[in-house]
Amino acid sequence: MLDTAPRLFAVVQVCGNGRADADGWVVAWGLADGDGSTYVVGVDGQTRMTVASPERAVHLFTGQPGITARLVWLAQPAAAALDRAEAA
């Protein structure tokens, strides 16, 4: 069951990458299906897109001078637990 669940990720922009005072923030959340379909919603609630891969989503949030973007995967699908009482 869990092996078919979409994976949740964040797109994080970073300013000052590699410096001790680097700062980062989440700009979007996404779901990646096993077939490669990726759905992304910006934290502003206005940006919504379907892209070919999570890496493509990161690319779309890159481009401002001095700011990079990176992909941060949240939990592995096997880390989820099913509460049998709630499932009943």
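The preceding data block contains the structure.
What counts as what
Once a new chain begins, its residue numbering starts again from 1 and follows that chain's sequence as written. With pLDDT at 70 or above as the cut-off, local features in this predicted model cover only qualifying residues; side-chain atom pairs require 80 or more to be listed or tallied, and sums for whole chains, interfaces and linings still use all residues. Water and hydrogen atoms were dropped before computing side-chain values, which therefore reflect all heavy atoms in the structure. The nonpolar core is taken to be a set of buried Ala, Val, Leu, Ile, Met, Phe, Trp, Tyr and Cys residues, with the residues joined through side-chain atoms within 4.5 Å. To sort residues, take the accessible area from a 1.4 Å probe on protein chains only and compare it with the maximum for the residue type: under 20% means buried, over 50% means exposed, and anything in between is partly exposed. Only runs of H or I of at least four residues qualify as helices and only runs of E of at least two qualify as strands under DSSP, and these elements are numbered from the N terminus. We treat two strands as partners when DSSP finds at least two bridges between them. Here a residue-residue contact requires only that any non-hydrogen atoms of the pair lie within 4.5 Å. Think of it this way: a Phe, Tyr or Trp ring, Trp meaning its six-membered ring, pairs with another when their centres are within 6.5 Å, and the plane angle makes it stacked under 30 degrees, edge-to-face over 60, tilted otherwise. Cation placement over rings: the criterion is NZ of Lys or CZ of Arg within 6 Å of the ring centroid and within 35° of the ring normal.

### Let's talk about the nonpolar core
Line of reasoning, step 1. Core analysis: the biggest nonpolar cluster contains eleven residues, these being Phe9, Val11, Val27, Ala28, Ala32, Val40, Val51, Ala57, Val58, Phe61 and Ala69.
Line of reasoning, step 2. Going through the elements one at a time, strand 1 (7-15), strand 2 (23-32) and helix 1 (54-60) are the ones with two or more residues in this core.

### Focus: the pairing of strand 4 (residues 48-51)
Line of reasoning, step 1. Looking at chain direction, strand 3 (residues 38-42) and strand 4 are connected through four bridges and run antiparallel. By the bridge assignment, Val40 is partnered in strand 4 with Met49.
Line of reasoning, step 2. Hairpin remark: strand 3 followed by strand 4, antiparallel, with five residues in the connecting loop; positive phi at Gly45, about 80 degrees.

### A look at the side chain of Thr38
Line of reasoning, step 1. Turning to its location among the elements, Thr38 is positioned in strand 3.
Line of reasoning, step 2. For Thr38, a relative accessible area of 0% corresponds to the buried category.
Line of reasoning, step 3. The contacts of Thr38, once residues within four sequence positions are left out, are Phe9, Leu31, Ala32, Met49, Thr50, Val51, Ala52, Ser53 and Pro54.

### Details of the packing of aromatic side chains
Line of reasoning, step 1. According to the stated counting rule, one finds one aromatic pair in the structure shown.
Line of reasoning, step 2. Measuring from ring centre to ring centre gives 5.5 Å for Phe9 and Trp73, while their planes differ by 65 degrees; the resulting arrangement is edge-to-face. Of the two residues, Phe9 sits in strand 1 while Trp73 sits in strand 5 (residues 67-73), which places them 64 residues apart along the sequence.
Line of reasoning, step 3. Owing to a relative accessible area of 0%, Phe9 belongs among the buried residues under this scheme.
Line of reasoning, step 4. A relative accessible area of 30% means that Trp73 is categorised as partly exposed.
Line of reasoning, step 5. The ring of Trp73 carries Arg7 above its face, with NZ or CZ at 4.1 Å from the centroid.

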